[in-house]
Amino acid sequence: MTQLLRKTILYLYLLLLGASVCQASVRTVITLGKGWKFTKGDPAEAMKPDFNDAGWASVTVPHDWAISGPFDKNIDKQVVAIVQNGETKASEKTGRTGALPYVGVGWYRTTFNLPDFTTGKKVTLLVDGAMSRPTVYVNGSKAGEWGYGYNSFHLDITPFI
């Protein structure tokens, strides 16, 4: 057997081996963008599966709850002199947050069914970005939290499904 033929056979073998490894690690992705309910505030027991959220707004995610207002320039008003701009006298400044009502608690809820083939498999929830210290509940139990805002995080929710 020539050396070129041996290299070709080895290369094909490695390709087939790689393909079989890839087959073993196939995953299913379910996107949960629609069917969400939202409310501002912190209603007691909102984490419970049977909580009545019928009066909550229907939204899709991503969603920015602050964008619905009310806008108020007093939310981020300052009276300062910006030395870097050469100001010597303090004046009213706004706009650091666009007057968005960003302070407070909001709840998002959704329900979903996992396919039968996920039984006995690891299930990971990817939160693609949530503002400011989100806590995630699955089937009424705290599945995890993230101490930051506006970045992605993963939670293993297998024990809660």
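Structure report, in brief. Remember, it's a predicted structure, so these values are computed and weren't measured experimentally.

## Points about the overall build of the protein chain
Okay, step 1: Across its full length, the protein chain holds one helix and nine strands.
Okay, step 2: Tracing the protein chain from N to C terminus, the helices and strands come up as α-β-β-β-β-β-β-β-β-β.
Okay, step 3: Burial status across the protein chain gives 20% buried among its 161 residues.
Okay, step 4: Across the protein chain, contacts joining residues at least 24 apart in sequence account for 53% of those joining residues at least 6 apart.

## Comments concerning the nonpolar core
Within soluble globular proteins, side chains that are nonpolar tend to cluster in buried spots.
Okay, step 1: Listed in full, the ten residues of the largest apolar core are Val123, Leu125, Val127, Ala130, Val136, Val138, Ala143, Phe153, Leu155 and Ile157.
Okay, step 2: Within the residue set of this core, elements represented by two or more residues are β6 (124–130), β7 (135–138) and β9 (151–156).
Okay, step 3: Among the elements that line this core, the one with the most residues is β6, at three residues.

## Some points on the environment of Gly140
Okay, step 1: Structurally, the position occupied by Gly140 is in the loop between β7 and β8 (141–145).
Okay, step 2: Distance from Gly140 to Asp50, taken between C-alpha atoms, is 8.9 Å for residues 90 residues apart in sequence.
Okay, step 3: For Gly140, the residues in contact, after removing those within four places along its chain, are Met47, Lys48 and Pro49.

## Examining the environment of Ile30
Okay, step 1: One can find Ile30 in the loop between α1 (3–24) and β1 (36–40).
Okay, step 2: Separated by 85 residues in sequence, Ile30 and Pro115 have C-alpha atoms that sit 9.6 Å apart.
Okay, step 3: Those residues in contact with Ile30 that lie beyond four places of it in its chain are Leu114 and Pro115.

Definitions and limits used
- Residues numbered from 1 in each chain as written.
- Predicted model: local features only at pLDDT ≥ 70, side-chain atom pairs only at ≥ 80, totals over all residues.
- Heavy atoms only, no water.
- Helix = DSSP H or I, 4+ residues; strand = E, 2+ residues; numbered from the N terminus.
- Buried < 20%, exposed > 50% of the residue type's maximum accessible area, 1.4 Å probe, protein only.
- Contact = heavy atoms within 4.5 Å.
- Core = buried A, V, L, I, M, F, W, Y, C linked by side-chain atoms within 4.5 Å.

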